[in-house]
Amino acid sequence: MVKHAVEANFDGLVGPTHNYAGLSWGNVASKTNVNAVSNPREAALQGLAKMKRLADRGYVQGILPPHERPHIPSLKALGFSGTDAQVLEQVATTSPSILAAVSSASSMWTANAATVSPSADTGDHRVHFTPANLSAKFHRSIEHTVTGRTLKSIFADEGYFAHHPALPSVSHFGDEGAANHTRLCGHYGEPGVELFVYGQGAFNEQAPAPQKYPARQTLEASQAIARLHGLKDSNLVFAQQNPAAIDAGVFHNDVIAVGNGNTLFYHSMAFLNEEQVLADILARLTGAELEAVRVSNADVPLEDAVASYLFNSQLLNTPDGMLLAVPGECREVASVSKYLDKLLDAGGPITAVEVFDVKQSMRNGGGPACLRLRVVLNDDELQAMHRGVLLTDALYERLTTWVETHYRSELTRGDLADPMLLDEVRKALDELTGILGLGSIYDFQM
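What you see is a predicted model, and the numbers here were worked out from it, not measured in a lab.

Peer 1: Sorry if this is basic, but what is going on with the packing of aromatic side chains here?
Peer 2: Centre-to-centre distance and the angle between the planes together describe a pair of aromatic rings. Scanning all chains against the criterion turns up 12 aromatic pairs. Between Tyr-160 and Phe-161 the ring centres are 6.2 Å apart and the planes differ by 50°, which places this aromatic pair in the tilted class. Look at Tyr-266 and Phe-271: their rings are 5.8 Å apart centre to centre, the planes differ by 45°, and that puts the pair in the tilted class. Judged by its relative accessible area of 3%, Phe-271 falls in the buried class. Among the aromatic residues, those joined into a cluster by ring pairs are Phe-10, Phe-129, Phe-155, Tyr-160 and Phe-161. Lying over the aromatic face of Tyr-396, Lys-52 brings its terminal NZ or CZ to 5.5 Å of the ring centre. The ring of Phe-356 is capped by Arg-53, whose NZ or CZ atom sits 3.8 Å from the centre of that ring.

Here's what the structure looks like:
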């Protein structure tokens with residue numbers, strides 16, 4: 001029997017150490033804004049405002065907390081020793097790049113937090129979670145342990161939810177989570193098509209691969225997750241991302257394609273074998289016809305798609321069609337703005353466009369879609385999860401006050417060595433886990 005289900009969005013709350021260290025090779029925006037002065041308070045408030053707008057529209061909106069940064073356990077594992085203050089002084093003096101890496105607020109991009117398969121697709125009819133190992137970048141590879149604890153705290157009932165450890169943290173099984181995974185379906189509660197997009201096959205040296213920037217997701221990682229989640233071949237499509245797009249700065253598939261329901265909104269350069277990908281989806285999608293909205297390079301040049309993050313937008317159901325929630329930059333790039341007007345006049349599945357201000361995140365290379373992890377939940381699962389992380393008016397007001405109390409309005413790379421910053425972060429996060437009712441999820445709490 002098909003159960004009623006919704007797609008909940010769990011946004012990452014931007015952390016108190018949000019800064020521009022330019023850590024992400026292959027992410028054009030990250031490199032462009034390196035060493036700029038950040039505003040963690042504004043970044044967190046922008047993220048909360050985005051969540052509130054969607055919650056007010058009736059979408060189920062959850063929150064995932066930031067991680068403890070700077071992460072002292074990672075520094076001690078690398079041989080730095082002494083008190084926390086001494087560790088910070090040592091690494092700032094000898095290895096400032098390592099300090100920047102363990103201070104990154106990148107966990108805010110929860111599209112990379114995990115891959116999630118809904119119970120309608122899985123063999124045991126539970127929702128399955130696998131935290132992404134994010135092995136391509138050191139600053140992100142240290143996230144999966146706390147991400148796993150957080151997801152287990154929120155989705156604790158083993159009768160409804162299954163949790164897997166991250167895949168081995170080696171390049172052969174590089175996994176970037178839901179940023180390279182989307183689900184297409186007729187209705188959320190029905191079996192759907194899980195589309196895994198990979199950059200290269202790790203064990204096939206003859207296969208096409210990017211030449212300039214690394215491919216962060218491997219075919220082998222995607223196949224492993226599909227096995228762990230108990231997915232059937234009839235639910236699966238594995239598609240290779242166009243290597244030329246990766247070399248143009250499309251480091252994740254969600255920078256060049258986004259799907260929701262039966263609609264796939266994508267750039268013509270998204271996939272290596274576009275026709276085969278569409279044919280495979282069509283062959284497996286049941287209960288609805290595929291709506292493929294293809295954007296040509298003539299309408300939106302690839303570099304404009306990357307600059308504006310057109311495809312790193314959220315695609316959401318409304319009573320009158322689908323809403324495309326875009327970053328403000330989409331209206332600042334002429335070709336993209338013109339295309340959006342044309343899209344609305346086309347009479348297709350996307351019937352509305354709304355602009356969201358997430359500039360602080362965008363400057364580090366993450367748009368609206370990077371900030372959220374999608375979790376399809378039927379009514380029983382929604383009741384079984386920990387509901388203290390679901391955004392309400394009261395929680396929004398409380399979190400806004402929390403941010404304004406604990407976050408700095410300016411942060412530079414030089415501030416990361418300040419022991420007071422670490423104390424501020426720990427005090428804030430300790431209070432946050434109480435507000436959200438998550439228990440002890442951070443190393444300093446254990």
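Peer 1: Which parts of the structure should I look at to understand the nonpolar core?
Peer 2: What tends to happen in soluble globular proteins is that the nonpolar side chains get buried as a cluster. Of all hydrophobic cores here, the largest spans 90 residues; its most connected members are Phe-10, Phe-155, Phe-271, Leu-373, Val-375, Leu-377 and Met-385. Ranked by residues supplied to this core, first place goes to helix α16 (residues 419-436) with eight residues. Among the nonpolar cores identified, the runner-up in size contains 20 residues, and Phe-265, Phe-311, Leu-324 and Cys-330 belong to it.

Peer 1: Which parts of the structure should I look at to understand the sheet that holds strand β6 (residues 181-184)?
Peer 2: Working definition: the strands of a sheet are paired by backbone hydrogen bonds and lie parallel or antiparallel to each other. If you trace the three strands from one edge of the open sheet to the other, you get β6-β7-β8, paired in mixed fashion. Looking at strand neighbours, the two that pair on one side only are β6 and β8 (236-240), the edges of this open sheet. Taken pair by pair, the neighbouring strands of this sheet meet at an average axis angle of 25°, ignoring direction. Where helix α10 (residues 274-284) meets the sheet, its contacts fall on β6, β7 (193-198) and β8, and the angle it forms with β8 comes to roughly 175°.

Thresholds, definitions, all that
- Residues numbered from 1 in each chain as written.
- Predicted model: local features only at pLDDT ≥ 70, side-chain atom pairs only at ≥ 80, totals over all residues.
- Heavy atoms only, no water.
- Phe/Tyr/Trp six-rings, centres within 6.5 Å; stacked < 30°, edge-to-face > 60°.
- Buried < 20%, exposed > 50% of the residue type's maximum accessible area, 1.4 Å probe, protein only.
- Lys NZ or Arg CZ within 6 Å of the ring centre and 35° of its normal.
- Core = buried A, V, L, I, M, F, W, Y, C linked by side-chain atoms within 4.5 Å.
- Helix = DSSP H or I, 4+ residues; strand = E, 2+ residues; numbered from the N terminus.
- Pairing = 2+ DSSP bridges.
- Axes fitted to C-alpha atoms, helices over the stretch in contact; angles between N-to-C directions.
- Contact = heavy atoms within 4.5 Å.

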